[in-house]
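Working through the structure, step by step
One letter stands for each residue in the lines below.
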Amino acid sequence: MTLAADRTWLDWPFFEDRHRAFERDLEAWAAKTIADDHGADIDAECRSLVKALGAGGWLAHAVGGKAYGGAGDAIDTRALCIARETLARHSGLADFAFAMQGLGSGAIGLAGTDAQKRAYLPRVAKGEAIAAFALSEPGAGSDVAALECAASLEGDEYVLDGEKTWISNGGIADFYVVFARTAEAPGSRGISAFIVDAGAPGFTIAQRIEVIAPHPLARLAFKDCRIPRASLLGASGQGFKLAMQTLDIFRTSVAAAALGFARRALHEAMARATSREMFGETLADFQITQSKLAQMATGIDAAALLTYRAAWQRDQGRSVTREAAMAKMTATETAQQVIDSAVQMCGALGVVSGAPVERLYREIRALRIYEGATEVQGLIIAREMLKGSKA
Ligand SMILES: Cc1cc2nc3c(=O)[nH]c(=O)nc-3n(C[C@H](O)[C@H](O)[C@H](O)COP(=O)(O)OP(=O)(O)OC[C@H]3O[C@@H](n4cnc5c(N)ncnc54)[C@H](O)[C@@H]3O)c2cc1C
């Protein structure tokens, strides 16, 4: 059984021939290039994955704008999702390296000036610069409009003071898109976005954070951090909207990454169930196992249908707020259940450190929290449903 055995979902009407060709090429590249496991130096692994993904031409699919190194003028959400699903099936870290180049540079693609786009996007697409997206703070996670990091204009410079936490690629990024309060108005309306280079004076990595599935992650500190006025991204006071627009693109792709993890778990579970001998038969001969496998496969298909509906709908230029939230909520929660079932089917082998299903068990957990926890996705879906329905 090869890792890419089941490709029938690519026959669904959401996809075009170019998507099928893209998946085939990326799968072949990933099988040849990406190691199943990674070494202890996560920073080095991540840097080398970004370089390899750039050299392979794959990062161009995470960046919008042909003139700036992107594969198309707008990000093709279906290709973005296929890339994450395929990479996640091979390695959580490879998916992370790919996704963060897109999330970290997404706001520049959406709102950057021509000069800003030229300065950053081609390097991101080639894997020559590592990007990060710095929105969360210790006091502002789900309630992101409560953020306090402040930016004030002094002459030709903005001065940033405050901190950010849980920032992916923190410590290895070459630049950070930072959301800070410029105080035009309270709450979500007084937030602006800035591009902060890693070497900016007054910017430091305050703490490196270790998590259950190792990725570069850090708390950032800004103390009298001075950046040129031209680092403002988009209009002052429009940062919250820009952050949400960026997340709107990438939220569906989190669902796709969860799908990749779930498909890998099902693959591992099938391999174990059909080979493990017990009670004179194999594990797969028992009806309880068959029922479990059926639930896993059905959950994966349901999540995939929601994911690629959202991706297709976004590629038609339609709003996907409700659909992306449904996809993320369902795919991440389903993947968690599928992976847990795979661990159970593998018995003791499933909890051995470094075993494929043990790694997946750790990898999936954060996806139910970041880019909007499951509960927040539920709120978004209900808000969209109730819009205009109140008397
Ligand atoms: C591995 C990882 C990588 C990350 N990378 C980044 C990054 O690159 N950039 C960045 O800016 N941030 C990043 N984050 C931060 C992430 O976006 C936040 O963790 C997330 O928004 C949740 O915020 P919080 O952790 O402060 O949890 P809280 O806001 O304290 O929420 C805790 C829990 O409360 C529940 N909850 C939330 N709202 C409601 C509600 N309305 N009703 C009921 N229950 C609710 C949810 O279960 C939630 O998990 C990352 C986080 C992780 C774990």
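One can find the structure itself at the top, above this paragraph.
The rules behind the values
- Residues numbered from 1 in each chain as written.
- Predicted model: local features only at pLDDT ≥ 70, side-chain atom pairs only at ≥ 80, totals over all residues.
- Heavy atoms only, no water.
- Helix = DSSP H or I, 4+ residues; strand = E, 2+ residues; numbered from the N terminus.
- Rg over C-alpha atoms; globule rule 2.2 N^0.38 Å.
- Buried < 20%, exposed > 50% of the residue type's maximum accessible area, 1.4 Å probe, protein only.
- Areas by Shrake-Rupley, 256 points an atom, 1.4 Å probe, with all protein chains shown as cover.
- Near = heavy atom within 4 Å.
- Polar contact = N/O pair within 3.5 Å; in protein donor to acceptor, adjacent residues only side chain to side chain.
- Expected span 1.5 Å × (residues − 1).
- Bend = angle between axes of the 7 residues up to and from the residue.
- Contact = heavy atoms within 4.5 Å.
- Pairing = 2+ DSSP bridges.
- Axes fitted to C-alpha atoms, helices over the stretch in contact; angles between N-to-C directions.
- Left-handed = near helix turned anticlockwise from the far one by under 90°.
- Parallel < 35°, antiparallel > 145°, perpendicular 65-115°, else oblique.
- Nonpolar A, V, L, I, M, F, W, Y, C, P; charged D, E, K, R; others polar.
- Lys, Arg positive; Asp, Glu negative; His and termini not counted.
- Salt bridge = Lys/Arg side-chain N within 4 Å of Asp/Glu carboxyl O.
- Phe/Tyr/Trp six-rings, centres within 6.5 Å; stacked < 30°, edge-to-face > 60°.
- Core = buried A, V, L, I, M, F, W, Y, C linked by side-chain atoms within 4.5 Å.

1. Focus on the overall build of the chain
- The helix and strand tally for the chain stands at 10 helices and 10 strands.
- Rg of the C-alpha trace for the chain: 21 Å, near the compact-globule value of 21 Å for 391 residues, within the 12% margin.
- C-alpha extents for the chain along the principal axes are approximately 80 × 55 × 40 Å.
- Going through the 391 residues of the chain one by one, you find that 53% of them count as buried.
- Carbon together with sulfur atoms contributes 54% to the accessible area of the chain, which is approximately 16,800 Å² in total.

2. Observations regarding the site of the ligand
- As a structural note, the neighbourhood of the ligand is formed by 17 residues, with Phe133, Ser136, Ser142, Trp166 and Glu375 the closest of them.
- Here a nitrogen atom of the ligand and a backbone polar atom of Phe133 are 2.7 Å apart.
- When the ligand sits alone it has 980 Å² of accessible area, and the protein chains cover 66% of it.
- Elements with a minimum of two residues in the shell around the ligand: strand E3 (157–168) and helix H10 (374–386).

3. Examining helix H6 (residues 239–275)
- The terminal C-alpha atoms of H6 lie 54 Å apart, and with 37 residues this matches the ideal 54 Å at 1.5 Å per residue to within 8%.
- Its axis deflected by about 35° at Asp248, H6 carries its strongest bend there.
- Most of H6 sits inside the fold, with 27 of its 37 residues counted as buried.

4. Some remarks on helix H2 (residues 42–55)
- Over its 14 residues, H2 runs 20 Å from end to end, which matches the ideal 20 Å to within 8%, given 1.5 Å per residue.
- For H2, the secondary structure elements touched by its buried residues are helix H1 (17–33), helix H3 (77–90), helix H4 (92–111), helix H5 (114–126) and strand E6 (203–208).
- At the N-terminal boundary of H2, the capping side chain belongs to Asp41, with an oxygen 3.4 Å from the backbone nitrogen of Asp43.
- Looking one or two residues beyond H2, the residue adopting positive phi is Gly57, at roughly 90°.

5. A closer look at the pairing of strand E2 (residues 150–154)
- Pairing of E2 with E3, which is carried by 5 bridges, proceeds in the antiparallel orientation. Pairing of Ala151 across the sheet is with Leu160, part of E3.
- Remark: 2 residues form the turn of the hairpin made by E2 and E3, two consecutive strands paired antiparallel; Gly155 in that turn has positive phi of roughly 60°.

6. Things to note about the packing of H3 against H6
- Running from N to C, H3 and H6 cross one another at 35°; their axes reach a closest spacing of 7 Å. You can see that H3 and H6 cross each other, and the crossing is right-handed. Facing H3, whose interface residues are Thr77, Leu80, Cys81, Arg84, Glu85, Ala88, Arg89 and His90, H6 presents Ile249, Phe250, Thr252, Ser253, Val254, Ala256, Ala257, Leu259, Gly260, Phe261, Arg263 and Arg264.

7. Points about the packing of helix H8 (residues 321–346) against helix H9 (residues 356–365)
- H9 packs onto H8 with a crossing angle of 160° between their chain directions and a minimal axis gap of 9 Å. For the element pair H8 / H9, the angle class is roughly antiparallel. Read as a crossing pair, H8 and H9 show a hand that is left-handed. Each of Thr332, Ala335, Gln336, Ile339, Asp340, Ala342, Val343 and Cys346 in H8 lies in contact with H9, whose residues at this interface are Val357, Leu360, Tyr361, Ile364 and Arg365.
- For the contact of H8 with H9, the per-class residue count stands at 9 nonpolar, 2 polar and 2 charged.

8. Notes on the side chain of Arg181
- You can see Arg181 is positioned in strand E4 (residues 175–181).
- Glu137 is the oppositely charged side chain nearest to the buried, salt-bridge-free Arg181, at an N-O distance of 7.3 Å.
- Among the polar contacts made by the side chain of Arg181, one reaches the main-chain carbonyl oxygen of Leu147 at a distance of 2.8 Å.

9. Digging into the packing of aromatic side chains
- Tallied over the full model, the rule gives 12 aromatic pairs.
- Measuring from ring centre to ring centre gives 6.1 Å for Phe279 and Phe286, while their planes differ by 85°; the resulting arrangement is edge-to-face.
- Under the relative-accessibility criterion, Phe279 is labelled exposed at 73%.
- On the accessibility criterion, Phe286 (25% relative accessible area) is partly exposed.
- An aromatic cluster is defined as three or more aromatic residues linked by ring pairs; in this entry it consists of Trp9, Phe15 and Tyr308.

10. Brief notes about the nonpolar core
- In this structure, Leu160, Phe175, Phe179, Val196, Phe222 and Tyr308 are the most contacted members of the largest nonpolar core, which totals 118 residues.
- Excluding its chain neighbours within four sequence positions, the residues that come into contact with Val196 are Leu160, Phe175, Tyr176, Val178, Phe222, Cys225 and Ile227.

11. As for the side chain of Arg84
- Within the fold, Arg84 resides in helix H3.
- Owing to a relative accessible area of 3%, Arg84 belongs among the buried residues under this scheme.
- Within polar-contact distance, the side chain of Arg84 engages the side chain of Asp95 at 2.7 Å.
- A polar contact is formed between the side chain of Arg84 and the side chain of Ser253, at a distance of 3.0 Å.

12. A look at the environment of Arg229
- In this structure, Arg229 sits in the loop between strand E7 (217–228) and strand E8 (232–233).
- For Arg229 and Phe96, which are 133 residues apart along the polypeptide, the C-alpha to C-alpha distance reads 31 Å.
- Here Arg229 is in contact with Leu153, Gly155, Asp156, Glu157 and Tyr158, once residues within four sequence places are set aside.

13. A look at the environment of Leu59
- Mapped onto the secondary structure, Leu59 falls in the loop between H2 and H3.
- Separated by 39 residues in the primary sequence, Leu59 and Phe98 have C-alpha atoms spaced 6.5 Å apart.
- Ignoring sequence-local partners within four residues, the contact set of Leu59 consists of Val50, Leu53, Gly54, Phe98, Gln101, Val124, Ala125 and Gly127.

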